[in-house]
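Structure at a glance
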Amino acid sequence: MINAILIFNNHGKPRLIRFYQYFAEELQQQIIRETFHLVSKRDDNVCNFLEGGSLIGGSDYKLIYRHYATLYFVFCVDSSESELGILDLIQVFVETLDKCFENVCELDLIFHMDKVHYILQEVVMGGMVLETNMNEIVAQVELQNRMEKSEGGLSAAPARAVSAVKNMNLPEMPRNINIGDLNIKVPSLSPF
């Protein structure tokens with residue numbers, strides 16, 4: 001089972017963090033720091049598998065990672081997972097990001113976090129691998145994009161709300177209200 005997926009840059013700044021096992025937030029931060037120190041001090045020509053740190057479970061867990069340009073993609077898995085299978089899964093995830101963002105970079109992970117999480121959920125959910133076919137994942141992402149565009153997306157919601165209020169058929173606002181001896185003058189309000 002996959003216990004965590006961590007993506008951070010060369011300076012240790014987390015860009016995507018997904019834990020599939022509960023850890024307190026303080027412990028999560030320690031795991032991120034320890035994982036970065038374990039992975040970043042390794043040479044590029046050594047194996048991409050190593051024992052999990054003391055915080056993530058020690059020898060029962062493995063850290064499987066790939067280093068692409070300025071980003072480390074780290075999967076923390078238990079001993080039942082295949083190292084080569086997870087390494088291939090990282091490759092599929094990165095290639096899918098590359099197809100969806102056309103030359104993915106660190107800024108894409110920052111400014112399109114919702115889309116990155118959606119892509120990750122198409123690949124892994126609840127610590128279990130759902131899909132490894134890149135074409136199927138990309139097709140689902142494109143379908144999601146088409147649905148968002150047809151609905152106008154979240155960014156269009158305020159504009160749709162204003163236009164709906166403008167198009168409401170409201171009766172003319174009364175200018176003088178007479179209730180018995182009480183006479184109230186309503187000030188003129190500017191239209192939208």
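Residues numbered from 1 in each chain as written. Predicted model: local features only at pLDDT ≥ 70, side-chain atom pairs only at ≥ 80, totals over all residues. Heavy atoms only, no water.

**Section: the nonpolar core**
Using the following cut-off: Only buried Ala, Val, Leu, Ile, Met, Phe, Trp, Tyr and Cys residues count toward a nonpolar core, and they belong to the same one when joined by side-chain atoms within 4.5 Å. Throughout this description, buried means an accessible area under 20% of the type-specific maximum (1.4 Å probe, protein chains only), exposed means over 50%, and partly exposed covers the range between. Secondary structure elements are defined from DSSP: runs of H or I of at least 4 residues count as helices, runs of E of at least 2 residues count as strands, and each element is numbered from the N terminus.
With 30 residues, the main nonpolar core has Ile2 and Phe93 as its most contacted residues. For this core, the secondary structure elements donating two or more residues are strand S1 (2–9), strand S5 (71–78), helix H2 (83–101), helix H4 (113–123) and helix H5 (134–151). Top element by residues in this core is H2. It accounts for 10 residues. Grouped together as the second largest cluster of nonpolar side chains are 15 residues, Phe8, Phe19, Leu50 and Tyr65 included.

**A closer look at H4**
The α-helix winds at 3.6 residues per turn, so residues separated by three or four positions along the chain end up facing the same way. Going by this rule: The reported arc concerns the directions from the helix axis to the C-beta atoms and nothing else.
Where H4 is concerned, the buried positions are Val116, Ile119, Leu120, Glu122 and Val123. Burial along H4 is one-sided: seen end-on, the buried residues are contained in an arc of 155 degrees.

**As for a nonpolar patch on the surface**
Going by this rule: Residues form patches when they are more than 30% accessible in relative terms and have no salt bridge. Like charges link within 9 Å. Nonpolar side chains (Val, Leu, Ile, Met, Phe, Trp, Tyr) link within 5 Å. Areas reported as accessible are Shrake-Rupley estimates using a 1.4 Å probe. Residue values count occlusion only from the protein chains shown. The term salt bridge refers to a pairing of a side-chain nitrogen on Lys or Arg with a carboxyl oxygen on Asp or Glu at a separation within 4 Å.
Where nonpolar side chains cluster on the molecular surface, the patch consists of Leu107, Ile110 and Phe111 and spans about 310 Å² of accessible area. Within the secondary structure, isoleucine 110 is located in helix H3 (residues 106–111). On the basis of relative accessibility, which here comes to 35%, the residue isoleucine 110 falls in the partly exposed class.

**What to know about the side chain of asparagine 9**
Basically, it comes down to this: Polar contacts here mean pairs of N or O atoms no more than 3.5 Å apart (in protein, one a potential hydrogen donor and the other a potential acceptor; neighbouring residues in sequence count only if both atoms are side-chain atoms). The contact criterion used throughout is that any non-hydrogen atoms of two residues lie within 4.5 Å.
Position of asparagine 9 relative to the elements: it lies in strand S1. Reaching out from asparagine 9, the side chain makes a polar contact with the backbone nitrogen of histidine 11 at a distance of 2.9 Å. If sequence neighbours within four positions are ignored, asparagine 9 has contacts with Arg15, Phe36, Thr70, Leu71, Tyr72 and Glu106.

**Considerations on unusual backbone geometry**
Positioned with a positive phi, alanine 69 is a non-glycine residue whose angle comes to about 50 degrees. Assignment of secondary structure puts alanine 69 in the loop between strand S4 (61–68) and S5. One non-glycine residue with positive phi stands out, namely glutamate 102, at about 55 degrees. Of note, glutamate 102 is situated in the loop between H2 and H3. Residue glutamate 102 is classed as exposed on the basis of its relative accessible area of 67%.

**A few points about the pairing of strand S2 (residues 14–19)**
Heads up, the condition is: In this analysis, strands are considered paired if DSSP registers two or more bridges between them.
Of the strand pairs in this sheet, S1 and S2 are connected by five bridges, and their pairing is antiparallel. What sits directly across from phenylalanine 8, in S2, is proline 14. Hairpin connection from S1 to S2: four residues lie between these consecutive antiparallel strands, with glycine 12 at a positive phi of about 90 degrees.

**A short note on the sheet that holds S1**
Which entries qualify depends on this criterion: Axis definition: a line fitted to C-alpha atoms, limited for helices to the stretch in contact. Angles are taken between N-to-C directions and run from 0 to 180 degrees.
A sheet is described by the order of its strands in space; here five strands give the open sequence S2-S1-S5-S4-S3, paired in antiparallel fashion. Every other strand in the sheet has two partners, leaving S2 and strand S3 (49–51) as the edge strands with one partner each. Each neighbouring strand pair of the sheet contributes to a mean axis angle of 20 degrees, computed without reference to strand direction. Two elements, S1 and S5, share seven bridges in a ladder whose sense is antiparallel. Considered in S5, the bridge of asparagine 9 is made with leucine 71. Against the sheet, H2 touches S1, S3, S4 and S5, its axis set at about 35 degrees to S4. Lying on the sheet, H4 is in contact with S1 and S2; it crosses S2 at an angle near 40 degrees.

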